[in-house]
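# Remarks on the overall topology
Here is what each chain is made of, one letter per residue.
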Amino acid sequence: MPSPEQPAPFSTVLRTASGAEHEAAEQSSFMSHLLGGRLGLDAYAELSGQLWFVYRALEGRAAELSRHPVVGPFIDPALFRTAALEHDLEHLRGPGWQAGLSPLPATAAYTARIEELSTDWPHGYLAHHYTRYLGDLSGGQIIRGIAERTWGFERKGAGVHFYVFEEVGNPAAFKRDYRARLDTAGLAMDEVERRRVVDECRRAFTLNGAVFADLDIRYPLSA
């Protein structure tokens, strides 16, 4: 175990401290119903649409953040998901896919928080970057497989491009490197700042869970 002189790596602290919030989001009713095949393709398309708003916020100031001394090393175009989501949405909703698509209240709150952090507190933005992209590279791959089987998408094709990281050659190695960068980032912060980032990580999962809750209201199971 780490000694007082060797504190736990920051990546480990983030993962363990946000475990309860992460689990709550993963086990939301909406995601359970969707991945259990109990909701239709329209619910999956709506989830993709809500994620489009989130990733536009997450990637909207990437150029400026790439120059930040701590956050800059995490800004990697290989991770960007906005274009992939747009391809999926065109497949799912047709060429006029933006018509009728609007952020749910929880999505609007989520994106507003990301946009605020990207300008006012980049260390906090990093918490959202971590929760989203490492989740996409991990559990997101399970979602892709289920979506392909449930709705008959071509493997890694139209409809699931969001979950396909074509420019990440070795996802396992990429995630290891990402966690190492998190550990380095933690060393650049004092203890108070690290705790603030941990709290923001918890908040990121909570905001994500709130989007699922809004989607659950929009797509209730038939009685």
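The sections below set out a description of the structure shown in this document.

## Considerations on empty space enclosed by the protein
- Scanning the model with the defined rule gives 1 cavity of 30 Å³ or more in all.
- Every residue lining the largest cavity is listed: Tyr44, Leu47, Ser48, Leu51, Leu85, Phe162 and Tyr163.
- A per-element tally of the lining of the largest cavity places helix α4 (residues 41–59) first, with 4 residues.

## Examining the packing of helix α8 (residues 122–137) against helix α11 (residues 191–218)
- Packing of α8 against α11 brings their axes to within 8 Å, and their N-to-C directions diverge by 45°. As the angle between them shows, α8 and α11 are arranged oblique. When you trace α8 past α11, the crossing you get is right-handed. Across the interface between the two elements, His123, Gly124, Ala127, His128, Tyr130, Thr131 and Arg132 from α8 touch Glu193, Val197, Glu200, Cys201, Ala204, Phe205, Leu207 and Asn208 from α11.
- Looking at side-chain class alone, the contact of α8 with α11 contains 7 nonpolar, 5 polar and 3 charged residues.

## A closer look at the environment of Asn208
- One can find Asn208 in helix α11.
- For Asn208, a relative accessible area of 11% translates into the label buried.
- Counting along the chain gives 194 residues from Asn208 to Leu14, while the straight-line C-alpha distance between them is 16 Å.

Parameters at a glance
- Residues numbered from 1 in each chain as written.
- Predicted model: local features only at pLDDT ≥ 70, side-chain atom pairs only at ≥ 80, totals over all residues.
- Heavy atoms only, no water.
- 1 Å grid on protein atoms, 1.4 Å probe; cavity = no way out; pocket = protein on both sides within 12 Å on 5 of 7 lines; lining within 4 Å.
- Points joined across faces, edges and corners; volume = space filled by probe spheres on them.
- Helix = DSSP H or I, 4+ residues; strand = E, 2+ residues; numbered from the N terminus.
- Axes fitted to C-alpha atoms, helices over the stretch in contact; angles between N-to-C directions.
- Parallel < 35°, antiparallel > 145°, perpendicular 65-115°, else oblique.
- Left-handed = near helix turned anticlockwise from the far one by under 90°.
- Contact = heavy atoms within 4.5 Å.
- Nonpolar A, V, L, I, M, F, W, Y, C, P; charged D, E, K, R; others polar.
- Buried < 20%, exposed > 50% of the residue type's maximum accessible area, 1.4 Å probe, protein only.

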